[in-house]
Amino acid sequence: MLKLDRLFIKILQVLQTNGRISNLDLSEEVNLSPSPCLERVRKLEEAGLITQYLAEIDLDKIGANLHIMAEITLGNHLVDDFKRFEAAITDVPEVISCYKIAGPFDYTMDMICRDIAHFNRLKEKLLAANIGIENFRGHVVMERTKTFSGYPLESLTAPSPLDGVLKG
């Protein structure tokens, strides 16, 4: 496993919000010469810490779209029920992310559709697909009030203020 030092963290902080930055600019940003910087990026990729590079697309400039956040509850909770549901939604391009969660429902799912009619057809198709959905509640996103600006890597990798206080 790759041991993350402050330079690895700085590289990750820059790349998570600017994946197209040149190695030269990245090396200047993290105060490291270009060759060692590129070597560190490759190590992060090889270790699986960087899993992909994406472009954020402004869907409103492409055309009408509707973002739905859905809460899904399955009727049964056997391992095979979860596997069947997860395998089925993998093939649905409108489902852009899905999280298995703890709480009053089993999954939250982000969906992008053209309009309400498209969403209704998709919801009916999912409910009729015999993939174990007992309850499906969709919420229309009215406005995004905060965009992804990167994970809080420094606070996630910093020593906990409770280190040494709690003994387990």
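Scroll up to find the structure.
Every value quoted in this text rests on a predicted model; they were computed, and no experiment measured them. (Residues numbered from 1 in each chain as written. Predicted model: local features only at pLDDT ≥ 70, side-chain atom pairs only at ≥ 80, totals over all residues. Heavy atoms only, no water.)

Asker: Is there a simple way to think about the packing of aromatic side chains in this case?
Answerer: Both the distance between ring centres and the angle between the ring planes are used here to describe each pair of aromatic rings. Counted under the stated rule, the structure contains 4 aromatic pairs. Measuring from ring centre to ring centre gives 6.1 Å for Phe 82 and Tyr 107, while their planes differ by 55 degrees; the resulting arrangement is tilted. Taken together, the positions of Phe 82 in helix α4 (residues 79–90) and Tyr 107 in strand β3 (residues 107–113) put the pair 25 residues apart, joining distant regions of the chain. Accessibility expressed as a relative area gives 13% for Phe 82, which makes it buried. (Phe/Tyr/Trp six-rings, centres within 6.5 Å; stacked < 30°, edge-to-face > 60°. Helix = DSSP H or I, 4+ residues; strand = E, 2+ residues; numbered from the N terminus. Buried < 20%, exposed > 50% of the residue type's maximum accessible area, 1.4 Å probe, protein only.)

Asker: I'm lost on a nonpolar patch on the surface in this one. Help?
Answerer: A surface patch of nonpolar side chains, about 310 Å² in accessible area, is lined by Ile 57, Leu 59 and Ile 62. Tracing the backbone through its elements, the reader meets Ile 57 in the loop between α3 (34–46) and β1 (66–74). Residue Ile 57 is classed as exposed on the basis of its relative accessible area, which comes to 58%. (Patch = residues over 30% accessible without salt bridge, like charges linked within 9 Å, V, L, I, M, F, W, Y side chains within 5 Å. Areas by Shrake-Rupley, 256 points an atom, 1.4 Å probe, with all protein chains shown as cover. Salt bridge = Lys/Arg side-chain N within 4 Å of Asp/Glu carboxyl O.)

Asker: I tried to follow the sheet that holds β1 on my own but got confused; where do I start?
Answerer: Remark on secondary structure: sheet strands pair via backbone hydrogen bonds, oriented parallel or antiparallel. Pairing within the open sheet is antiparallel, and its 4 strands lie in the order β2-β3-β1-β4. Either end of the sheet is taken by a strand with one partner, and the two such strands are β2 (95–100) and β4 (133–140). The mean inter-strand angle of the sheet, taken between neighbouring strand axes irrespective of direction, is 20 degrees. Here β2 pairs with β3 via 5 bridges, running antiparallel. Residue Cys 98 lies in a different strand from β3, and its bridge partner there is Met 109. The strands touched by helix α5 (residues 116–128) are β1, β3 and β4; relative to β4, the strand with the most contacts, the crossing angle is about 165 degrees. (Pairing = 2+ DSSP bridges. Axes fitted to C-alpha atoms, helices over the stretch in contact; angles between N-to-C directions. Contact = heavy atoms within 4.5 Å.)

Asker: What's the story with the pattern of salt bridges in this structure? I'm lost.
Answerer: Pairing between side chains of opposite charge can happen when the charged atoms of each approach one another. For the coordinates displayed, the defined rule picks out 5 salt bridges. Among the salt bridges present, the one from Arg 144 reaches Glu 56, with a minimum N-O distance of 3.0 Å. Taken together, the residues span a long stretch of sequence, with Arg 144 in the loop between β4 and α6 (153–157) and Glu 56 in the loop between α3 and β1 at a distance of 88 residues. In this pair, the class of Arg 144 matches that of Glu 56, namely exposed. The residue Glu 71 makes a salt bridge to Arg 137 at a minimum N-O spacing of 2.5 Å. Taken together, the positions of Glu 71 in strand β1 and Arg 137 in strand β4 put the pair 66 residues apart, joining distant regions of the chain.

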